[in-house]
Amino acid sequence: MPQLPGSGSPLLSTSQLETLAGLGEERTAAVGDVLYRVGDASYPFIAVVEGEVAIVDAGGNELVRHGPSKFLGELNLLSGQTVFVTAVVTEPLRYIAVEREALRSLLFEDGPLSDLLLSTFIARREALQTVSGLGIEIVGPHSSEATVRMVEFARSNRLPYTWDETSPAGSAEAPIVRLPGGVELHAPSTGQVLRALGVGLELAPREEVDLLVVGAGPAGLAAAVYGASEGLNTLVVESTALGGQAGSSRRIENYLGFPAGISGSELTSRAVVQARKFGARTATPYRALSLEPGNGRHVVRLEDDHEVAARAVLLATGAQYRRLPVEGLEGYEGTTVFYAAGPPEAQLCGASRVAVVGGGNSAGQAAVWLARGGALVTLLHRRADLRETMSDYLIRELDRYGVAVRDRSEIAALHGRDGHLEAVTLKSGERLTFGFLFLFLGAVPCTHWLDEVARDDDGFILTGPGANAQYLLETDVTGVFAAGDVRSGSTKRCATAVGEGSMAVQLVHAHLGRTAAAARR
Ligand SMILES: Cc1cc2nc3c(=O)[nH]c(=O)nc-3n(C[C@H](O)[C@H](O)[C@H](O)COP(=O)(O)OP(=O)(O)OC[C@H]3O[C@@H](n4cnc5c(N)ncnc54)[C@H](O)[C@@H]3O)c2cc1C
């Protein structure tokens, strides 16, 4: 029987089955019954008591089977996304069905069960991303900017997808997006796709909140947890995918409390669940376009004619990957040039020659991950010695997994056609054959929309004394704060971002107290 690699099928203990039985309903099903199918809007959590269920894709190919004490479901049970697979009974079944909302509240209360389900759901989503033909289908050529944007969006939201690089028939505008279940969207916005998949909060044209957090990376999510848990009406808007840069990290090794490391998607998925538990609202994809400082309320305008009036605003928009200054780069982005290395990329690059460009830890992590996936990896960096920029433990890992390291190597030109890279030329004139390139060249702050706020020469937001502000994380606009990578002088680390996001909430309270006192005078 084919197995979905890495799909993870742990067993529930007897007491966990009892807990679930107390919360859900025991049901039976006959061989051939379908418990849920591709395209369904939702499904309950299912724990198998007796019998067996097969999980199959839209084409009927079997991915995995679950027997007694195992459970069905993946990340969409929490996110509410459309169902990507079908569950068919293969042996007479007795099972416990727990509705999604009831499961969510149980996850907030039962730590060990929450750990087991969350890590399994995340592992299963990662495994589904490697199965071709699953999830959404994006049709459009590589030359279509909107198509490449849609592919990038699916990738960063960890949606299983396939990309058919042909032009849509007739005069249809690219891309066409086919959803599980057959619905077809023509040149949709990313928001339309996400909402058609059943995910994502639809904002009212004007929202009024106590705290608006812009950006849902570690800093924004930490602020959401603390803001909402401390009684602030908190809204988080995110332009791309909940989790930020950290969500794309294969393994965060240095985050306190996780001695074995934790994957970025697991850390940030847990944070999203936690923020929602306290009542914070997260809305994606909504890009902030401008900030209008006001007296009492600041107004942030979002894409698609939405606006949010907030008593305090936290800017946590992080930074974006720096691109390589070479001609024709955009022609390869998304097909053979990437800015993150996840399961789909590892699958794509197996047994290929791959270059990872950059000397920092994120480049090192990506090189190790791709080499472990079977790629022939060369790390190119421009300094004389990698030890100047990369942690020792990672340099040892590069060696262990056979990654070739080339010092003083900068790319001058790319060669290939139709989005498929074939080789690069270094500034030294040497030509090297690579089918894929992964760029980890540092980042520029996402602050181009923030003319109203003082920034340093590199565009990072000034706070505290640097902005003549009263509070440490406050900008030069009273009641507007900044936290995480976007802040001038911040340490570009997950833990710091989380710390700053949490601390910002205390300063928001101080600000609200200050304005209330001023109003009384
Ligand atoms: C591959 C990789 C590996 C890493 N590994 C580690 C590690 O091992 N350990 C470690 O400590 N750190 C690591 N980091 C760094 C760490 O991820 C960052 O320091 C951290 O994510 C910063 O958090 P943040 O919330 O400030 O910003 P981000 O995580 O960058 O999040 C900002 C969010 O704001 C959104 N946004 C931007 N502009 C707008 C807008 N106009 N409107 C709405 N939303 C917007 C973005 O889409 C993004 O989701 C790694 C980073 C990468 C890329």
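Quantities reported herein were computed from a predicted structural model and do not represent experimental measurements. (Residues numbered from 1 in each chain as written. Predicted model: local features only at pLDDT ≥ 70, side-chain atom pairs only at ≥ 80, totals over all residues. Heavy atoms only, no water.)

Concerning the state of the cysteines
Move 1: Scanning the model with the defined rule gives zero disulfides in all.
Move 2: Left unpaired, Cys446 is separated from the closest cysteine sulfur, that of Cys494, by 16 Å.
Move 3: Take Cys494: its relative accessible area is 15%, and that puts it in the buried class. (Disulfide = S-S within 2.5 Å. Buried < 20%, exposed > 50% of the residue type's maximum accessible area, 1.4 Å probe, protein only.)

Section: the packing of helix 7 (residues 218-229) against helix 9 (residues 264-277)
Move 1: Where helix 7 contacts helix 9, the axes come no closer than 9 Å and their chain directions differ by 25 degrees. Viewed along their axes, helix 7 and helix 9 adopt a mutual orientation that is roughly parallel. Taken as a pair, helix 7 and helix 9 cross one another with a handedness that is left-handed. Only Thr268, Ala271, Val272, Gln274 and Ala275 of helix 9 make contact with helix 7, whose side of the interface consists of Leu221, Ala224 and Val225.
Move 2: Of the residues belonging to the contact of helix 7 with helix 9, the class tally is six nonpolar, two polar and no charged. (Axes fitted to C-alpha atoms, helices over the stretch in contact; angles between N-to-C directions. Helix = DSSP H or I, 4+ residues; strand = E, 2+ residues; numbered from the N terminus. Parallel < 35°, antiparallel > 145°, perpendicular 65-115°, else oblique. Left-handed = near helix turned anticlockwise from the far one by under 90°. Contact = heavy atoms within 4.5 Å. Nonpolar A, V, L, I, M, F, W, Y, C, P; charged D, E, K, R; others polar.)

Quick word on the environment of Ile122
Move 1: Turning to its location among the elements, Ile122 is positioned in helix 4 (residues 111-128).
Move 2: If we skip the residues at most four places from it in the chain, Ile122 touches Leu75, Ser265, Glu266 and Ser269.

Concerning the site of the ligand
Move 1: Near the ligand there are 38 residues, and of these Glu238, Gln245, Asn254, Asp485 and Cys494 occur at the shortest range.
Move 2: Asn254 has a polar side-chain atom sitting 2.9 Å from a nitrogen atom of the ligand.
Move 3: Arg493 has a polar backbone atom sitting 3.2 Å from an oxygen atom of the ligand.
Move 4: The dominant element in the shell around the ligand, judged by the number of residues it contributes, is helix 8 (residues 244-247), at three residues.
Move 5: Looking at the shell around the ligand residue by residue, the classes come out as 18 nonpolar, 13 polar and seven charged. (Near = heavy atom within 4 Å. Polar contact = N/O pair within 3.5 Å; in protein donor to acceptor, adjacent residues only side chain to side chain.)

Some words on the packing of aromatic side chains
Move 1: Enumeration according to the criterion identifies six aromatic pairs in this entry.
Move 2: With a centroid separation of 4.2 Å and an interplanar angle of 35 degrees, the aromatic rings of Tyr36 and Tyr43 are classed as tilted.
Move 3: Between Tyr321 and Tyr339, the aromatic rings sit 6.0 Å apart at their centres with planes inclined by 20 degrees, giving stacked as the arrangement. Remark: Tyr339 occurs in the loop between strand 18 (337-338) and helix 10 (343-349) and Tyr321 occurs in strand 17 (residues 319-321); sequence separation between them is 18 residues.
Move 4: The exposure class of Tyr339 is buried, given its relative accessible area of 16%. (Phe/Tyr/Trp six-rings, centres within 6.5 Å; stacked < 30°, edge-to-face > 60°.)

With respect to empty space enclosed by the protein
Unoccupied space between atoms shows up once a probe the size of one water molecule is rolled over them.
Move 1: Enumeration according to the criterion identifies two cavities of 30 Å³ or more in this entry.
Move 2: What the second largest cavity holds in volume is close to 40 Å³.
Move 3: In terms of lining residues, the second largest cavity is bounded by Leu78, Arg104, Leu107, Phe108 and Val273.
Move 4: Ranked by the residues each element gives to the lining of the second largest cavity, the list is headed by helix 3 (residues 100-109), at three residues.
Move 5: Residue classes in the lining of the second largest cavity are distributed as four nonpolar, no polar and one charged. (1 Å grid on protein atoms, 1.4 Å probe; cavity = no way out; pocket = protein on both sides within 12 Å on 5 of 7 lines; lining within 4 Å. Points joined across faces, edges and corners; volume = space filled by probe spheres on them.)

With respect to the sheet that holds strand 18
Move 1: Read from one edge of the open sheet, five strands run 18-25-19-20-21, paired in parallel fashion. Two strands in the sheet have a free side with no partner beyond their single neighbour: strand 18 and strand 21 (404-406).
Move 2: The sheet contact formed by strand 18 and strand 25 (residues 436-439) spans two bridges and is parallel. The partner of Phe338 across the bridge, within strand 25, is Phe438.
Move 3: Contacting strand 19 (353-357), strand 20 (376-380) and strand 25, helix 11 (residues 361-372) runs over the sheet at an angle of about 165 degrees to strand 20. (Pairing = 2+ DSSP bridges.)

Observations regarding the side chain of Ser144
Move 1: Following the sequence through the fold, Ser144 ends up in the loop between strand 7 (136-139) and helix 5 (145-156).
Move 2: At 2.6 Å, the side chain of Ser144 and the side chain of Thr147 are in polar contact.

A few points about the side chain of Thr378
Move 1: Following the sequence through the fold, Thr378 ends up in strand 20.
Move 2: Judged by relative accessible area, which is 14%, Thr378 ranks as buried.

Quick look at the pairing of strand 16 (residues 306-315)
Move 1: Counting buried residues in strand 16 gives nine out of 10 residues, a clear majority hidden from the surface.
Move 2: When strand 11 (residues 206-214) meets strand 16, the two strands line up parallel, connected through eight bridges. Residue Glu208 lies in a different strand from strand 16, and its bridge partner there is Ala309.
Move 3: As defined by bridge partners, strand 15 (residues 298-302) adjoins strand 16 across five bridges and the pair is classed as antiparallel. Note on strand 16: the bridge partner recorded for Val300 is Val308.
Move 4: Turn length for the strand 15-strand 16 hairpin, with the two strands adjacent in sequence and antiparallel, is three residues, and the turn residue Asp304 shows positive phi of about 65 degrees.
Move 5: Pairing of strand 16 with strand 27 (residues 480-482), which is carried by three bridges, proceeds in the parallel orientation. When the bridges of strand 27 are listed, Leu315 appears paired with Ala482.

Topic: the nonpolar core
Move 1: If you look at the biggest cluster of nonpolar residues, it comprises 41 residues, and the most contacted ones within it are Leu20, Leu35, Tyr36, Phe45 and Leu72.
Move 2: The contact partners of Leu20, leaving out residues within four places of it in the chain, are Leu12, Phe45, Ala47, Ile96, Val98, Leu103, Leu106 and Leu113. (Core = buried A, V, L, I, M, F, W, Y, C linked by side-chain atoms within 4.5 Å.)

Description of the sheet that holds strand 10 (residues 184-186)
The pairing of strands in a sheet comes from backbone hydrogen bonds and takes either a parallel or an antiparallel form.
Move 1: Strand order in the open sheet formed by four strands is 8-7-9-10, and the pairing between neighbours is mixed. Of all the strands in the sheet, the pair left with one neighbour each is strand 8 (161-164) and strand 10. When strand polarity is set aside, the average angle formed by the axes of neighbouring strands in this sheet is 20 degrees.
Move 2: Sheet topology places strand 7 next to strand 8; four bridges connect them, and they run parallel. What sits directly across from Ile138, in strand 8, is Trp163.

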